[in-house]
Each structure stands twice: as C-alpha cells, then as structure tokens.
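In case you want the letters, here they are:
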Amino acid sequence: MLFFLMFGYVVCLAFLPSQCYNEHREEVNNLDTITVKVSDLYEQVKLMMQDKMDVVEISILEADEDFPEIGASISLSARKETDGYDTDYDDVYSV
C-alpha cells in the first residue's frame, strides 16, 4: 500500500480496495491499481506545488490499443480553489 500527502490530502495509489476511503470516509471498492516511478510522480507534484495548485484529480488511463508499448498511465489535472480552472500536467506512465 502506498500513501502520500499531496496538497494536504492523503492519496492512495497502490492499495487494496478495502483500505481506501473517499472524502466522506466511505469505503471505495473496485478500484484499479497502477505502479509508477516515485521520481516521475514527484516531478509532476513539484510542478503543481510551484504553480500553487490546491487539489489534483488523478485518473488511471488504460494502455492505448494502437500503441501498447506505451502502457497504462495516470493523468493529472490540478486546480487552484480560488479560480476553478483545471491545468493538465504530464501523464505518469506505469513501470
């Protein structure tokens, strides 16, 4: 299980479904997992922090059928709570 603190929120990336909860502390089931390099994820988090982002939406993207060598990735879209505009950051690819 991998937990880390991002912008004051605990984020769970590698987990057993029974061990993760949503913002209302309800159990979240049927979640997929992905393994990414910490250094790749950290680089994107640093950029978000430099941009003073408050929240981030993390989506797991399946591998593209046309380019299977690329593999799955996580998509990162962050925003400041004051303006509500989403900013996309580079995807982080699975290892």
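A brief structural summary. Treat the numbers as computed from the prediction; the structure is a model and nothing was measured.

**Looking at the nonpolar core**
Working step 1: In this structure, I34, V36, L41, V45, M48, M53, I74, L76, A78, Y89 and V92 together form the largest nonpolar core, which totals eleven residues.
Working step 2: Among the elements of the structure, α1 (38–50), β4 (73–79) and β5 (86–93) are those that each provide at least two residues to this core.
Working step 3: Apart from the residues within four sequence positions on either side, L76 is in contact with L41, Q44, M48, V56, E57, I58, T87, D88, Y89, D90, D91 and V92.

**Details of the pattern of salt bridges**
A side chain with one charge may pair with a side chain of the opposite charge, provided their charged atoms come close.
Working step 1: Using the criterion set out here, one finds two salt bridges in the structure.
Working step 2: One salt bridge in this structure joins K46 and E43, with 3.4 Å as the shortest N-O distance. Taken as a pair, K46 and E43 lie in helix α1 at a separation of three residues, close to a single helical turn.
Working step 3: On the accessibility criterion, E43 (39% relative accessible area) is partly exposed.

**Observations concerning the environment of S39**
Working step 1: Relative to the helices and strands, S39 resides in helix α1.
Working step 2: With 53 residues separating them along the chain, S39 and V92 place their C-alpha atoms 9.9 Å apart.

**Structural notes on α1**
Working step 1: Here α1 is 13 residues long and its end C-alpha atoms lie 18 Å apart, about the 18 Å a rise of 1.5 Å per residue gives.
Working step 2: Every buried residue belonging to α1 is among L41, Q44, V45 and M48, and all of these are buried. Buried residues in α1, looked at end-on, bunch into an arc of 100°, giving them a common side.
Working step 3: Of the residues flanking the end of α1, it is K52, one or two places downstream, whose phi is positive at about 60°.

Rules of the game
Residues numbered from 1 in each chain as written. Predicted model: local features only at pLDDT ≥ 70, side-chain atom pairs only at ≥ 80, totals over all residues. Heavy atoms only, no water. Core = buried A, V, L, I, M, F, W, Y, C linked by side-chain atoms within 4.5 Å. Buried < 20%, exposed > 50% of the residue type's maximum accessible area, 1.4 Å probe, protein only. Helix = DSSP H or I, 4+ residues; strand = E, 2+ residues; numbered from the N terminus. Contact = heavy atoms within 4.5 Å. Salt bridge = Lys/Arg side-chain N within 4 Å of Asp/Glu carboxyl O. Expected span 1.5 Å × (residues − 1). Arc of directions from axis to C-beta.

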